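Notes for the structure review
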Amino acid sequence: MLADQREGLLLQLGQAVISAGFTLARQRLTESPEGVRLMLVVRGPQAQLLALEERLGTHRLVRSFEAIAHEPGQPLNGASYGAPPVTQAPRTQNAEPVARGPAVALDMRRIEAELRLLAQDYPQVFPRLLSLERSFDAESKSTAMRHLGQRIGAWVYKRDFALGAHLAPADALKHVAVPALRPLVQAEAHAANALRIRNSPFVVAGKGTQCNCHFFSGYLEALLKEASGNTAAVAVRETQCRGIGADACVFEIHS
Ligand SMILES: [Zn+2]
């Protein structure tokens with residue numbers, strides 16, 4: 001990553017790495033005419049990788065940022081230290097698909113730029129979301145769409161609902177999630193801990209074998225979490241999808 005100043009850089013980014021659940025394996029700080037270049041090698045849970053990248057990529061000290069996921073079991077190539085930024089992760093011929101981090105194909109700066117445009121267009125977001133979805137490869141699509149949903153959901157909560165009292169997820173489902181979804185889709189509460197969406201635009205009827213509406217899982221998760229004052233651990237899973245033959249998409253909320 002590239003920064004304008006070196007003071008506090010390693011300390012602050014090191015703290016961001018650790019608070020995201022990662023350990024710092026190596027670091028290297030060099031100065032160049034473009035600015036201060038910092039390379040961090042970190043280890044940690046793959047599921048948190050996108051969150052860590054977002055934290056680093058949007059950190060106030062960081063001007064530009066690139067991430068390379070590393071396949072476990074292979075030595076790090078020390079020769080690449082100090083090399084010009086790599087824009088795409090090297091792909092090895094025989095790598096296991098699961099070994100590669102989901103972030104490889106994701107460009108966080110692009111996602112941040114898209115989020116600003118989505119906020120401007122809201123609630124007319126589906127043309128942009130659908131074209132974004134098509135641009136992700138199969139590996140990163142669900143993570144990326146869920147991430148976009150989380151960011152938009154948290155933003156909508158802060159914009160439209162933040163003045164309300166904090167609510168448990170079951171109450172927030174009716175009083176926050178359903179009204180928040182109304183400008184986007186036909187949504188209704190379904191039993192105590194689920195929500196139905198009748199017309200998800202992410203459905204390609206009859207084509208899929210898996211639930212495909214990752215954006216809404218992320219969106220609901222963030223809304224319900226924010227509504228609880230970030231005190232509840234909320235997980236949302238799409239258990240039925242119109243894309244695989246159900247009447248509607250059903251999202252179950254676990255808290
Ligand atoms: Zn669905």
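Before going into details, it helps to say that this report is about the structure given with it. Just so it is clear, the model here is predicted, and its values are computed rather than measured.

**What to know about the coordination of the zinc ion**
In this structure, Cys213 (SG), Glu238 (OE), Cys241 (SG) and Cys249 (SG) serve as the protein donors to the zinc ion, at separations of 2.0 to 2.3 Å. Each of the 4 donor atoms around the zinc ion contributes to a set of angles spanning 102 to 117°, which defines the coordination as tetrahedral. All donor residues of the zinc ion come from one chain, and their arrangement in sequence is C-x24-E-x2-C-x7-C. With cysteine 213 in the loop between β6 (194-197) and α7 (214-227) and glutamate 238 in strand β7 (residues 235-240), this residue pair connects regions lying 25 residues apart in the sequence. Summarising the burial analysis for this pair, cysteine 213 and glutamate 238 share the class buried.

**Comments concerning helix α4 (residues 126-135)**
Residues spaced three or four apart along an α-helix point in a common direction, a consequence of the helix completing one turn every 3.6 residues. Among all positions of α4, only Phe126, Leu129, Leu132 and Glu133 are buried. Down the axis of α4, the buried set is contained in an arc of 125°. They therefore lie on one face. Exposed and facing more than 90 degrees away from the buried side of α4 are Pro127 and Arg134. The elements touched by buried residues of α4 are α3 (108-121), α5 (138-161) and α7.

**Structural notes on empty space enclosed by the protein**
The tally for this structure, following the rule as stated, stands at 1 cavity of 30 Å³ or more. If you add up the space inside the largest cavity, you get close to 30 Å³. The wall of the largest cavity is formed by Glu53, Glu54, Gly57, Thr58, Met108, Arg109 and Glu112. Those elements giving two or more residues to the lining of the largest cavity turn out to be α2 (49-57) and α3. Here the lining of the largest cavity is built from residues that sort into 1 nonpolar, 2 polar and 4 charged.

**Structural notes on the pairing of strand β5 (residues 187-190)**
Relative to β6, β5 runs antiparallel, the two being bridged by 4 bridges. Bridged to glutamate 188 within β6 is arginine 196.

**Some points on the pattern of salt bridges**
Within this structure, the stated rule accounts for 9 salt bridges. The salt bridge involving arginine 128 is made with glutamate 114; its shortest N-O contact spans 3.2 Å. Residue arginine 128 is found in helix α4, and its partner glutamate 114 is found in helix α3; the two are separated by 14 residues along the sequence. The class for glutamate 114 is buried, based on a relative accessible area of 15%.

What counts as what
- Each chain carries its own residue numbering, running from 1 in the direction its sequence is written.
- Reporting of local features is limited, given that this is a predicted model, to residues whose pLDDT is at least 70; pairs of side-chain atoms are given and counted only at 80 or more, and all residues count toward the totals for whole chains, interfaces and linings.
- The side-chain figures draw on all heavy atoms in the structure; neither hydrogens nor water molecules are used.
- Counted as donors are N, O and S atoms no farther than 2.8 Å from the metal, or 3.2 Å for Na, K and Ca; water is not among the atoms, and sites may therefore look incomplete.
- By the criteria applied here, four donors are tetrahedral when all angles lie between 85 and 135 degrees, four are square planar and six octahedral when opposite donors are over 155 degrees apart and every other angle lies between 65 and 115, and any other arrangement is irregular.
- Every helix listed is a DSSP run of H or I at least four residues long, and every strand listed is a run of E at least two residues long, numbered separately from the N terminus.
- Residue exposure (1.4 Å probe, protein chains only): buried if accessible area is under 20% of the type maximum, exposed if over 50%, otherwise partly exposed.
- Working definition: the arc comes from the directions between the helix axis and the C-beta atoms, pointing outward to the latter.
- A contact between two residues is defined here by any heavy atoms of the two lying within 4.5 Å.
- Cavity: a set of points on a 1 Å grid over the protein atoms alone where a 1.4 Å probe fits but cannot get out. Pocket: an open set with protein on both sides within 12 Å along at least five of seven lines, its lining residues, like those of a cavity, having an atom within 4 Å of a point.
- Grid points are joined across faces, edges and corners, and a volume is the space filled by probe spheres set on the points.
- When residues are grouped by polarity, Ala, Val, Leu, Ile, Met, Phe, Trp, Tyr, Cys and Pro land in nonpolar, Asp, Glu, Lys and Arg in charged, and all others, Gly among them, in polar.
- DSSP bridges decide pairing: two strands pair if at least two such bridges lie between them.
- Whenever Lys or Arg places a side-chain nitrogen within 4 Å of a carboxyl oxygen from Asp or Glu, that contact is recorded as a salt bridge.

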